[in-house]
Amino acid sequence: MNQAARNPRLAVVAGDGQRAVALNIGEVLSELHDEFPQVTASKIRFLEEKGLLTPQRTSAGYRKYLPDDVGRLRFILGLQRDQYLPLKVIKDYLDAVDRGERPDQLPGGHTLAPRSISEQMTQDLVARTRPVTKAELQGLCGASTELVDDLLAFGMIVPENDRFDEHAQRIAAASAALAAHGIEPRHLRAFRAAADREVGLVERVVAPHMSRGDVASRARAAETAREISDACMALHGALVNGAIAKLDH
């Protein structure tokens, strides 16, 4: 009996004639652990259930993940983590690629020459934002010390271990742009209050999923939360833009 027959980890002949090693789900988790430590086997199966991933199976029913499958998984997880995109948006893009189409844009508005989903695409697309110090935050966002101090005082940004994550960076950048128009942090408390109310609404909707406690239910809760958040943002944008459009009349 050869090694491939003894082990779920199978050698598969790729299109270029080279032998690609297929991993089982445990080995995929090990491969992804450093970049996505929270990912579990249940999460991967959930993505498969949603049609985003279709690994091959052995005659005994074991899943086998080829390098392209692992690259595709990295791509999906990276978009979820860094771009906060709902699975439906990611799936629509992947379905288009699978059909041989060449979408002009990647999910999240990123422009990139279309090609097969691969680890290289993941590296090109997923640019993780590292937490920064207060001084770095000011430099990145063009914000004054006074502005950052006010944002802290009004609870608009909250450091973790004296570092500011990508959300705080976006808030500071937007606040600096508004400050240029004379809109001060004290005027932004309404945004904080509105955001808290929306989060409360989302939490009430996903509470039944979260109460079940299993990984698949939490994954569904997170996906539902993203979908509701997107709808809230679209509604907010439509209301504001609709009112502003009337200024031209």
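Residues numbered from 1 in each chain as written. Predicted model: local features only at pLDDT ≥ 70, side-chain atom pairs only at ≥ 80, totals over all residues. Heavy atoms only, no water.

Enquirer: Is there a simple way to explain the overall build of the protein in this structure?
Expert: Regarding its fold elements, the protein presents eleven helices and four strands. Burial status across the protein gives 33% buried among its 249 residues. Summarising the internal contacts of the protein: among those between residues at least 6 apart in sequence, 55% fall at separations of at least 24. By element, 53% of the accessible surface of the protein is carried by carbon and sulfur atoms, the whole surface being about 15000 Å². (Helix = DSSP H or I, 4+ residues; strand = E, 2+ residues; numbered from the N terminus. Buried < 20%, exposed > 50% of the residue type's maximum accessible area, 1.4 Å probe, protein only. Contact = heavy atoms within 4.5 Å. Areas by Shrake-Rupley, 256 points an atom, 1.4 Å probe, with all protein chains shown as cover.)

Enquirer: For this particular structure, what's the right way to read unusual backbone geometry?
Expert: Peptide bonds are, in most cases, trans, and in most cases residues other than glycine have a negative phi. Located in the positive-phi region is Asn 161, a residue other than glycine, with phi close to 55°. Of note, Asn 161 is situated in the loop between helix H8 (145-153) and helix H9 (166-179). For Asn 161, a relative accessible area of 69% gives the class exposed. Of note in the backbone geometry, Asp 162 takes a positive phi value of approximately 60° without being a glycine. Note that Asp 162 resides in the loop between H8 and H9.

Enquirer: Just to check I follow, could you spell out the side chain of Gln 138 for this structure?
Expert: Considering the arrangement of structural elements, one finds Gln 138 in helix H7 (residues 134-141). Given a relative accessible area of 19%, Gln 138 falls into the buried group.

Enquirer: Can you help me understand the packing of aromatic side chains in this one?
Expert: Centre distance and the angle of the planes are the two values used to describe a pair of aromatic rings. Taken as a whole, this structure holds one aromatic pair when the rule is applied. A ring pair is formed by Phe 75 and Tyr 93, whose centres lie 6.0 Å apart and whose planes are at 35°; its orientation type is tilted. Note that Phe 75 is positioned in helix H4 (residues 67-83) and Tyr 93 in helix H5 (residues 87-98), a separation of 18 residues in sequence. Judged by its relative accessible area of 0%, Phe 75 falls in the buried class. (Phe/Tyr/Trp six-rings, centres within 6.5 Å; stacked < 30°, edge-to-face > 60°.)

Enquirer: Honestly, the packing of helix H2 (residues 25-32) against H4 in this entry has me stumped. Any pointers?
Expert: Packed helices, taken two at a time, are described by the angle between their axes plus the distance between the axes. Direction vectors running N to C along H2 and H4 enclose 55°, while the axes themselves pass 11 Å from each other. Compared by their axis directions, H2 and H4 come out oblique. Viewed along their axes, H2 and H4 form a crossing whose handedness is right-handed. Two secondary-structure elements touch here, H2 through Val 28, Glu 31 and Leu 32 and H4 through Val 70, Leu 73, Arg 74 and Leu 77. The class makeup of the residues in the contact of H2 with H4 is five nonpolar, no polar and two charged. (Axes fitted to C-alpha atoms, helices over the stretch in contact; angles between N-to-C directions. Parallel < 35°, antiparallel > 145°, perpendicular 65-115°, else oblique. Left-handed = near helix turned anticlockwise from the far one by under 90°. Nonpolar A, V, L, I, M, F, W, Y, C, P; charged D, E, K, R; others polar.)

Enquirer: For this particular structure, what's the right way to read the nonpolar core?
Expert: Nonpolar side chains in soluble globular proteins tend to be buried together. Of all hydrophobic cores here, the largest spans 26 residues; its most connected members are Val 28, Ile 44, Leu 73, Ile 76 and Ile 90. Among the elements of the structure, H2, helix H3 (41-49), H4 and H5 are those that each provide at least two residues to this core. In this structure, Val 132, Leu 147, Ala 168 and Ala 176 belong to the second largest nonpolar core, which totals 14 residues. (Core = buried A, V, L, I, M, F, W, Y, C linked by side-chain atoms within 4.5 Å.)

Enquirer: What am I meant to see in the pattern of salt bridges here?
Expert: Between side chains of opposite charge, a pair can form when the charged atoms approach closely. Considering all chains together, one arrives at twelve salt bridges under this definition. With a closest N to O distance of 2.4 Å, Asp 149 and Lys 134 form a salt bridge. Taken together, the residues span a long stretch of sequence, with Asp 149 in helix H8 and Lys 134 in helix H7 at a distance of 15 residues. Its relative accessible area of 32% is what places Asp 149 among the partly exposed residues. For Lys 134, a relative accessible area of 30% corresponds to the partly exposed category. Here the salt bridges do not stand alone but share partners, grouping Glu 31, Glu 35 and Arg 74 into one network. (Salt bridge = Lys/Arg side-chain N within 4 Å of Asp/Glu carboxyl O.)

Enquirer: Help me understand the confidence of the model for the protein in this model?
Expert: Any region with low pLDDT has predicted coordinates that should not be read closely. For the protein, the mean per-residue pLDDT works out to 78, and 80% of the residues sit at or above 70. Per-element mean pLDDT across the protein ranges from 38 in helix H1 (residues 3-6) up to 94 in H8. Within the model, the stretch residues 119-129 combines pLDDT values under 50 with 27 contacts to residues more than four positions away or in other chains. (pLDDT = per-residue confidence, 0-100.)

Enquirer: Explain H5 to me, please; I cannot follow it from the model alone.
Expert: Quick reminder: α-helices carry 3.6 residues per turn. Residues three or four places apart thus point the same way. Across its twelve residues, H5 extends 16 Å between first and last C-alpha, which sits within 8% of the 16 Å expected from 1.5 Å per residue. The complete set of buried residues in H5 reads Leu 87, Ile 90, Tyr 93, Leu 94, Ala 96 and Val 97. Count one or two residues on from H5 and you reach Gly 100, which has phi positive near 90°. (Expected span 1.5 Å × (residues − 1).)

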